[in-house]
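One-letter residues, chain by chain:
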Amino acid sequence: MTEQILKIRFNRFYRMLGTGKIIIGIFLFSLCGSLHAQISPPGLGDVNIAFWSAFGVRRQLDSLGKKQTLSYIALGRKSSPDDYNLVSKQAIIVLNHEVYHSFTPNQQYSYAVSYRRQPKYESVSPYEKEDTEQEFRIYGRYAYTFNLGKGWKLKNTFRQEFRKFFDADFRQAEENFQLRMRIKSQLTYSLSKKNNQKLALSAEGLFSTSYLNEPDHRWTRFGYKEMRIGAYYMFSIPHSPFTVDIGYVNDLIRESKSIKKGGVHYLAADIIWNLPFKNK
């Protein structure tokens, strides 16, 4: 049985290579911008507008600044499908811990573990809560940065995720687990050295396949799912260890109702407490 499943997955992956032109096209499009903010909002569903806020702690692990961790807690609120009240409903709670290693001046890898708790709502008015989904996620990321000169940097990132789902009581959810690939680039411009002010634009393509528990046990087709485009303003709070990121993200979900109205609009804000390396 295991051998048959592996053969099926390999055949689907081989057919997926035939969509290489689509993937490459989205990747090239993503080179037009990027999200430089360290804590970016996740997908919060097929709604009109949402709000995302996070508080993180970044710790330097060595004196050279090549190794660091970022831990954060975040909350998301969102509107109902038929209104624009961005704090109408609870959307998500996230706990995330990521370890970074810059092993060359232009290259970096990271790995992370994450827990997410997300309410599920009925699809018809008044959109009452009907269930809660829990997710455990692990992912790895590789990034290469180009220094373009005069304050410009371009960072290309590949990220692979494994997502495992449960209901509120840790029983099987409708979706068992998911494999997701994310291709992203980030373009940043240094506005001013005063307070380390920066401007960032972004685009990220997401591709995935899922193994379902319901209505039957099967794999979904691997393919493009959504595009996230954003703009952020970043700065450091004077005479403090804190940095702030304020931005906007537009989530274009394939075959969703929201995409007909321009996608899901996110307002986002996060604050990060930067802790320097301490030699014990």
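Calculation notes
Residues numbered from 1 in each chain as written. Predicted model: local features only at pLDDT ≥ 70, side-chain atom pairs only at ≥ 80, totals over all residues. Heavy atoms only, no water. Helix = DSSP H or I, 4+ residues; strand = E, 2+ residues; numbered from the N terminus. Buried < 20%, exposed > 50% of the residue type's maximum accessible area, 1.4 Å probe, protein only. Contact = heavy atoms within 4.5 Å. Areas by Shrake-Rupley, 256 points an atom, 1.4 Å probe, with all protein chains shown as cover. Lys, Arg positive; Asp, Glu negative; His and termini not counted. Salt bridge = Lys/Arg side-chain N within 4 Å of Asp/Glu carboxyl O. Polar contact = N/O pair within 3.5 Å; in protein donor to acceptor, adjacent residues only side chain to side chain. pLDDT = per-residue confidence, 0-100. Patch = residues over 30% accessible without salt bridge, like charges linked within 9 Å, V, L, I, M, F, W, Y side chains within 5 Å. Charge placed at Lys NZ, Arg CZ, Asp CG, Glu CD. Pairing = 2+ DSSP bridges. Phe/Tyr/Trp six-rings, centres within 6.5 Å; stacked < 30°, edge-to-face > 60°. Lys NZ or Arg CZ within 6 Å of the ring centre and 35° of its normal.

Moving on: the overall build of the protein. Check the secondary structure of the protein and you find two helices and twelve strands. Along its sequence from the N terminus, the protein presents helices and strands in the succession α-α-β-β-β-β-β-β-β-β-β-β-β-β. Expressed as a percentage of the 280 residues in the protein, the buried residues total 44%. Counting contacts in the protein only where the partners sit at least 6 residues apart, residues at least 24 apart contribute 56% of the total. Per element, the accessible surface of the protein, about 15,500 Å² overall, is 60% carbon and sulfur.

Turning our attention to the side chain of Arg 58. On the secondary structure map, Arg 58 appears in strand 1 (residues 49–60). Among buried Asp, Glu, Lys and Arg side chains, Arg 58 stands out as unpaired, with Asp 245 the closest opposite charge at 6.1 Å. At 3.2 Å, the side chain of Arg 58 forms a polar contact with the side chain of Gln 68.

Per-residue pLDDT for the protein averages 87, and the proportion of residues at 70 or more is 86%. For residues 13–37, every residue scores under 50 in pLDDT, and the model assigns this stretch 52 contacts once sequence neighbours within four places are set aside.

Glancing now at the environment of Phe 136. By the secondary structure assignment, Phe 136 is in strand 5 (residues 129–149). With 23 residues separating them in the primary sequence, Phe 136 and Val 113 have C-alpha atoms 7.5 Å apart. Apart from the residues within four sequence positions on either side, Phe 136 is in contact with Ser 114, Tyr 115, Phe 162, Arg 163, Lys 164, Phe 166 and Phe 170.

Glancing now at a negative patch on the surface. Judged by side-chain charge, Glu 122, Glu 128, Glu 130 and Asp 131 come together as a negatively charged surface patch. When you line up the elements, Glu 128 lands in the loop between strand 4 (107–121) and strand 5. Take Glu 128: its relative accessible area is 44%, and that puts it in the partly exposed class.

Our focus in this paragraph is the pattern of salt bridges. Applying the stated criterion across every chain, the model contains 14 salt bridges. Salt-bridge contacts for Glu 98 lead to Arg 141; the nearest nitrogen and oxygen are separated by 2.6 Å. Linking Glu 98 in strand 3 (residues 89–101) with Arg 141 in strand 5, this pair joins segments that are 43 residues apart in sequence. Across the pair, exposure class does not vary: Glu 98 and Arg 141 are buried alike. Residue Glu 161 is joined to Arg 137 by a salt bridge in which the shortest nitrogen-to-oxygen separation is 3.5 Å.

Our next topic: the environment of Val 87. In this fold, Val 87 is placed in the loop between strand 2 (67–78) and strand 3. For Val 87, a relative accessible area of 42% gives the class partly exposed. Those residues in contact with Val 87, other than ones at most four positions away along the chain, are Arg 77 and Lys 78.

Here 16 bridges tie strand 5 to strand 6 (residues 152–167), and the two strands are oriented antiparallel to one another. Bridge pairing in strand 6 links Gly 149 to Trp 152. In this structure, the hairpin formed by strand 5 and strand 6 is closed by a connection of two residues, where Lys 150 is found at a positive phi of approximately 55 degrees. Note that strand 6 and strand 7 (residues 172–192) share 14 bridges and pair antiparallel. What sits directly across from Gln 160, in strand 7, is Met 181.

Bridge count between strand 1 and strand 12 (residues 264–275): eleven bridges; the pairing is parallel. Following the sheet pairing, Ile 49 is matched in strand 12 by His 265. Relative to strand 12, strand 11 (residues 242–253) is paired through ten bridges, and the arrangement is antiparallel. By the bridge assignment, Thr 243 is partnered in strand 12 with Ile 272.

A few words now on the packing of aromatic side chains. The relative placement of two aromatic rings is captured by the distance of their centres and the angle of their planes. If you walk through the whole model with that rule in mind, you get 14 aromatic pairs. Between Tyr 144 and Phe 146, the ring centres sit 4.9 Å apart and the planes meet at 55 degrees, which makes this aromatic pair tilted. The exposure class assigned to Tyr 144 is partly exposed, which follows from its relative accessible area of 29%. Joined through ring pairs, the aromatic side chains of Tyr 115, Phe 136, Phe 166 and Phe 170 make up one cluster. Directly above the ring of Tyr 139 sits Arg 159, whose terminal nitrogen or CZ lies 3.7 Å from the centroid. Over the ring of Phe 166 we find Lys 164; its NZ or CZ atom is 5.3 Å from the centre of that ring.

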